[in-house]
Amino acid sequence: MSTIFDEIKDAIVDGDEDLAVELAERVIAEKVDPVQAVQLGFIGGIEEVGKAWTNGEAFLPDVMMAADAMKAGMDVLEEVLAAGEGDGGYEDKGKIVLGTVEGDIHDIGKNIVGALLTSAGFKVYDIGIDQKAEEFVAKADEVGAKIIAASALLTTTMKSQKTLVEYLNDNNLRDKYKIIIGGGPTSAKWGEDIGADGWAETADEAVELCKQLLA
Amino acid sequence: MLPKFDVLTDEQINKIHKNSMRILKEIGIEFSYDPVIEIFKKHGQRVEGHRVFLEPDFVEEMVEKAPAQFTLHARNPEHNLVCGDGNTIYMPGYGAPFIYDADGGKRDATMADYDNFVKLAGASKNIHMTGGTVVEPTDVPDDIRHLKMAYSHITNSDKCFMGSSSGYEFARDSIEMTAILHGGLDVIKEKPALICLINSVTPLKYDDRMLGGLMAYAETGQPMVIASLVMAGSTGPATMAGALSLQNAEVLAGITLAQCINPGTPVVYGSTSTASDMSTGSLSIGNPENALFASASAQLSRFYGVPCRGGGGLSDAKTVDAQAGYESMMVLFAASTTGVNFVLHTAGILQYYMAMSYEKFMVDDEIAGMVLRYLKGFDCDSDEKMAFDVIKTVGPGGHFLTQKHTRKNFKTEFFRPALSDRQSFDAWAKDGLDTNQRAKARWQEVLANYTAPELDADVKAKIEAFIEKRTKELIK
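What counts, and where the lines are drawn
- Residues numbered from 1 in each chain as written.
- Chains lettered and ligands numbered in written order.
- Predicted model: local features only at pLDDT ≥ 70, side-chain atom pairs only at ≥ 80, totals over all residues.
- Heavy atoms only, no water.
- Helix = DSSP H or I, 4+ residues; strand = E, 2+ residues; numbered from the N terminus.
- Rg over C-alpha atoms; globule rule 2.2 N^0.38 Å.
- Buried < 20%, exposed > 50% of the residue type's maximum accessible area, 1.4 Å probe, protein only.
- Contact = heavy atoms within 4.5 Å.
- Areas by Shrake-Rupley, 256 points an atom, 1.4 Å probe, with all protein chains shown as cover.
- Salt bridge = Lys/Arg side-chain N within 4 Å of Asp/Glu carboxyl O.
- Phe/Tyr/Trp six-rings, centres within 6.5 Å; stacked < 30°, edge-to-face > 60°.
- Lys NZ or Arg CZ within 6 Å of the ring centre and 35° of its normal.
- Patch = residues over 30% accessible without salt bridge, like charges linked within 9 Å, V, L, I, M, F, W, Y side chains within 5 Å.
- Lys, Arg positive; Asp, Glu negative; His and termini not counted.
- Charge placed at Lys NZ, Arg CZ, Asp CG, Glu CD.
- Domains from an automatic or database assignment.
- Buried area = accessible area lost by both parts, 1.4 Å probe.
- Polar contact = N/O pair within 3.5 Å; in protein donor to acceptor, adjacent residues only side chain to side chain.
- Axes fitted to C-alpha atoms, helices over the stretch in contact; angles between N-to-C directions.
- Left-handed = near helix turned anticlockwise from the far one by under 90°.
- Nonpolar A, V, L, I, M, F, W, Y, C, P; charged D, E, K, R; others polar.
- Pairing = 2+ DSSP bridges.
- UniProt positions renumbered as here; feature names shortened; annotations may be inferred.

Attention now moves to the overall build of chain A. Counting its regular elements, chain A contains nine helices and five strands. The helix and strand sequence of chain A, counted from the amino end, reads α-α-α-α-β-α-β-α-β-α-β-α-β-α. For a compact globule of 215 residues, the expected C-alpha radius of gyration is about 17 Å, and chain A comes in at 18 Å, within 12% of that figure. Each of the three principal axes of chain A carries a C-alpha extent, and together these read 55 × 35 × 30 Å. Classification of the 215 residues of chain A by burial places 50% in the buried group. The contacts of chain A with a sequence gap of at least 6 include a subset with a gap of at least 24, amounting to 71%. When the accessible surface of chain A is totalled, it reaches about 10,200 Å², and 48% of it is carbon and sulfur.

Attention now moves to the pattern of salt bridges. A full pass over the atoms with the stated rule returns 36 salt bridges over all chains. Residue A:Lys123 pairs with A:Glu78 through a salt bridge whose shortest N-O separation is 3.7 Å. Taken as a pair, A:Lys123 in strand E2 (residues 123–131) and A:Glu78 in helix H4 (residues 60–82) lie far apart in primary sequence, 45 residues in all. On the basis of relative accessibility, which here comes to 19%, the residue A:Lys123 falls in the buried class. The class of A:Glu78 is partly exposed, set by a relative accessible area of 38%. When the shortest N-O distance is used, the salt bridge between B:Asp173 and B:Arg470 registers 2.7 Å. Of this pair, B:Asp173 sits in helix H6 (residues 168–182) while B:Arg470 sits in helix H18 (residues 457–474), placing them 297 residues apart in sequence. Grouping residues by exposure puts B:Asp173 and B:Arg470 together as buried. One salt-bridge network, in which partners are shared between bridges, spans A:Lys71, A:Asp75, A:Glu78 and A:Lys123.

All names here are of chain B. Residue placement: Met-330 occurs in helix H11 (residues 322–337). What makes Met-330 partly exposed here is its relative accessible area of 41%. For the pair Met-330 and Gly-312, spaced 18 residues apart in sequence, the C-alpha separation works out to 9.1 Å.

What follows is about the environment of A:Leu77. Residues and elements named next belong to chain A. Tracing the backbone through its elements, the reader meets Leu-77 in helix H4. By relative accessible area, Leu-77 is classed as buried at 0%. For Leu-77 and Ala-24, which are 53 residues apart along the polypeptide, the C-alpha to C-alpha distance reads 6.4 Å. Discounting residues that sit within four places of it in the chain, Leu-77 has contacts with Ala-24, Val-27, Ile-28, Pro-34, Ala-37, Val-38 and Phe-42.

Moving on to the packing of aromatic side chains. Residue and element names in this part refer to chain B. This model, assessed by the stated rule, comprises nine aromatic pairs over all chains. Arranged with centres 4.4 Å apart and planes meeting at 10°, the rings of Phe-117 and Tyr-358 form a pair that is stacked. Of this pair, Phe-117 sits in helix H4 (residues 111–123) while Tyr-358 sits in helix H12 (residues 358–376), placing them 241 residues apart in sequence. Taken individually, Phe-117 and Tyr-358 each receive the classification buried, so the pair is uniform in this respect. Centre to centre, the rings of Phe-303 and Tyr-304 are 5.0 Å apart; their planes meet at 75°, and the pair counts as edge-to-face. According to the relative accessible area criterion, Tyr-304 is buried, its value standing at 11%. Aromatic ring contacts, followed pair by pair, group Phe-117, Tyr-358, Phe-361 and Trp-443 into a single cluster. For the cation-ring pair, Arg-46 lies above Phe-53, with the distance from its terminal atom to the ring centre recorded as 3.9 Å. Cation over ring: Lys-106 sits above Phe-98, and NZ or CZ is 4.3 Å from the ring centre.

Our next topic: a negative patch on the surface. All names here are of chain A. Together, Asp-6, Asp-10, Asp-14, Asp-16, Glu-17, Asp-18, Glu-22, Glu-25 and Asp-68 make up a negatively charged patch on the protein surface. Among the secondary structure elements, those contributing two or more residues to the negative patch are helix H1 (4–13) and helix H2 (17–29). At four residues, the largest contribution of residues to the negative patch is made by H2. For Asp-18, the location among the structural elements is in helix H2. Residue classification places Asp-18 among the exposed residues on the basis of a relative accessible area of 63%.

Before going further, it helps to spend a moment on the domain arrangement of chain A. Residue and element names in this part refer to chain A. Under the domain assignment used here, chain A contains domain 1 (4–82) and domain 2 (95–214). Relative to domain 2, the C-alpha centre of domain 1 lies at a distance of 26 Å. Facing 10 residues of domain 1, the contacting portion of domain 2 comprises nine residues. Of the roughly 810 Å² buried where domain 1 meets domain 2, counting both sides, 78% is carbon and sulfur surface. Joining domain 1 to domain 2, the criterion identifies two salt bridges.

We now examine the side chain of A:Arg174. Residues and elements named next belong to chain A. Relative to the assigned elements, Arg-174 resides in the loop between helix H7 (159–170) and strand E4 (178–182). Polar side-chain contacts of Arg-174 include one of 2.8 Å to the side chain of Asp-197. Residues within four places of Arg-174 in sequence aside, it is in contact with Val-165, Leu-168, Asn-169, Ile-179, Gly-195, Ala-196 and Asp-197.

What follows deals with the packing of H4(A) against helix H5 (residues 108–119) of chain A. Packed helices, taken two at a time, are described by their axes: the angle between them and the distance between them. Residue and element names in this part refer to chain A. One way to put it is that H4 packs onto H5 with a least axis distance of 9 Å and a crossing angle of 65°. Of the two possible hands of crossing, H4 and H5 adopt the one that is left-handed. Between H4 and H5, the residues in contact are Leu-60, Val-63, Met-64, Ala-67 and Met-70 and Asn-111, Ile-112, Ala-115, Leu-116, Thr-118 and Ser-119, respectively. Considering only residue class, the contact of H4 with H5 consists of eight nonpolar, three polar and no charged.

An order of E8-E7-E19-E18 (chain B) is seen for the four strands of this open sheet, with the pairing classed as mixed. The two strands at the open ends of the sheet, each matched to only one other strand, are strand E8 (106–108) and strand E18 (349–350) of chain B.

What follows covers the UniProt feature "domain: B12-binding" (unreviewed entry) in chain A. When the UniProt feature table is mapped to this numbering, "domain: B12-binding" (unreviewed entry) covers residues 93–215 of chain A. With 44% helix and 23% strand, the stretch residues 93–215 of chain A has end C-alpha atoms that lie 10 Å from each other.

This is the structure in structure tokens:
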């Protein structure tokens with residue numbers, strides 16, 4: 001007989017957001033251990049999808065829909081997890097604020113990075129497109145994020161990544177956060193030039209970068 | 001000229017058209033720029049916030065106003081180009097921030113690279129204009145990049161070129177500089193001399209920067225390519241018909257806007273739609289889907305009676321290798337033979353528009369020459385060309401190598417490679433150079449031998465004065 005954990009895992013693998021929410025609600029209603037639901041269900045599912053993706057068997061829609069389903073279900077469980085219910089408690093791998101910089105409204109790459117970070121166990125706060133430096137920082141401050149990730153697709157908006165780093169310097173906040181950048185026209189050299197803590201060319205490299213920065 | 005072949009049936013064209021009209025009417029499209037919202041309101045279109053819902057009849061009426069073809073004027077009239085009418089116009093890649101070199105290295109593109117690519121385009125007989133933003137010159141502050149880029153096109157070649165579309169102000173600067181080159185704004189209003197690239201942000205958006213650019217070009221009657229890049233599977237539906245409908249809706253909305261601002265202003269229907277790489281979500285351009293989108297767009301353009309932009313020497317390769325060659329040939333060949341008129345990105349592009357490569361430029365130049373020859377097709381117009389007499393003279397079992405007819409005709413009938421190696425094995429093996437290495441030697445040679453056509457000293461001084469004045473205003 002399949003357990004609710006298996007059902008959650010299958011819902012994540014199928015990228016079924018509605019079912020993931022429904023099952024999370026059942027976890028609360030039936031007083032199932034929420035930590036086990038996360039470990040065996042949500043994380044179990046996302047790890048399976050992540051592995052298939054790494055092996056080239058799953059594709060981006062599979063991973064992104066699984067990440068969405070996981071996020072939706074985890075949001076339902078957030079309260080009971082925060083209250084420390086369940087065996088051993090649950091902690092995410094780290095909080096990351098993610099957004100597209102001021103003047104730029106491209107978001108597909110950012111969304112992919114967000115999904116892969118989520119699937120790797122990070123808690124991602126996506127603040128959207130065309131975001132000023134102060135908005136990145138306000139969100140990071142609010143949620144207690146350690147990493148701020150800023151995307152730019154245009155050569156004309158790359159300078160907003162620099163503005164972000166300068167904003168942190170000017171406000172004596174530079175040591176509080178790790179700044180990582182990415183996007184088509186950016187490069188490792190650009191990251192170094194503006195004093196970012198890291199740069200990644202692809203979404204999976206961004207995951208590795210965050211793991212290193214929070215290690 | 002070769003007949004253009006179709007990839008869609010009439011029934012399919014109608015279905016795509018109706019689907020696009022339904023998208024525009026029922027879903028609408030977002031224009032972030034307030035002056036544009038006012039224009040659509042004035043024309044009686046439904047507006048909710050920044051979203052505009054366009055009536056099919058209105059779109060059809062506006063698109064009808066756009067000319068089927070136009071002439072783009074060069075400072076040397078020999079290089080004037082007719083855009084439309086079955087013509088094919090080739091130019092360098094556009095917008096790449098990086099240079100990939102022959103040894104596999106990667107670096108930021110500079111103004112020196114910019115000048116070099118303009119010169120290579122100026123020198124080529126297969127590349128008809130010098131393009132625009134041939135690389136992003138990252139060593140020039142972006143407040144004045146557009147001035148330096150226009151100056152490069154104006155001084156390094158006498159072919160047609162493209163101007164900035166990066167907001168109203170920069171667009172006006174490019175237009176002013178072109179006006180000085182041609183003897184005044186009134187002259188280029190009468191004889192368009194600058195074209196730009198306006199891109200939607202798929203799905204269903206246009207941003208401030210591009211709309212400002214669009215307004216500047218439309219107001220002054222300068223042509224523009226209005227293009228959409230649907231990444232099927234990520235920024236658009238994963239079906240070809242759905243993605244094409246979405247692209248079509250976006251482009252028609254842009255053309256409609258341009259015609260509202262200035263009825264009859266020349267536009268080019270642009271497509272760079274393609275398939276996403278579904279493993280990484282990244283853009284991919286050297287694929288059969290891109291070739292199909294370009295061909296379908298050429299056909300849609302004929303349906304709407306406007307010229308078309310699409311295709312190019314497009315590849316996802318990182319260096320000049322077999323992938324770079326076969327991908328580029330596929331997309332350029334498909335676009336050219338199915339009737340795309342304006343081929344941005346014909347030469348130099350590697351890794352989905354991220355990089356320009358000198359070696360790739362020379363490879364694409366060669367591909368362009370081959371495709372142009374193919375497009376000329378067969379000449380059956382004279383007895384000379386039908387060659388009955390010489391066949392009779394030689395008779396059974398002879399050969400044609402020593403016939404006057406042969407000597408007279410082969411140079412114009414055959415494509416002569418500039419880069420491809422046709423030697424024997426032993427002759428090739430002496431140096432053993434592959435295409436990448438030969439291309440490197442070739443571009444260096446072309447650049448070393450290039451002399452820019454002379455520019456009238458008075459005109460040059462006026463343009464330099466304009467740049468100086470604007471630089472002072474723009475760099476605070």
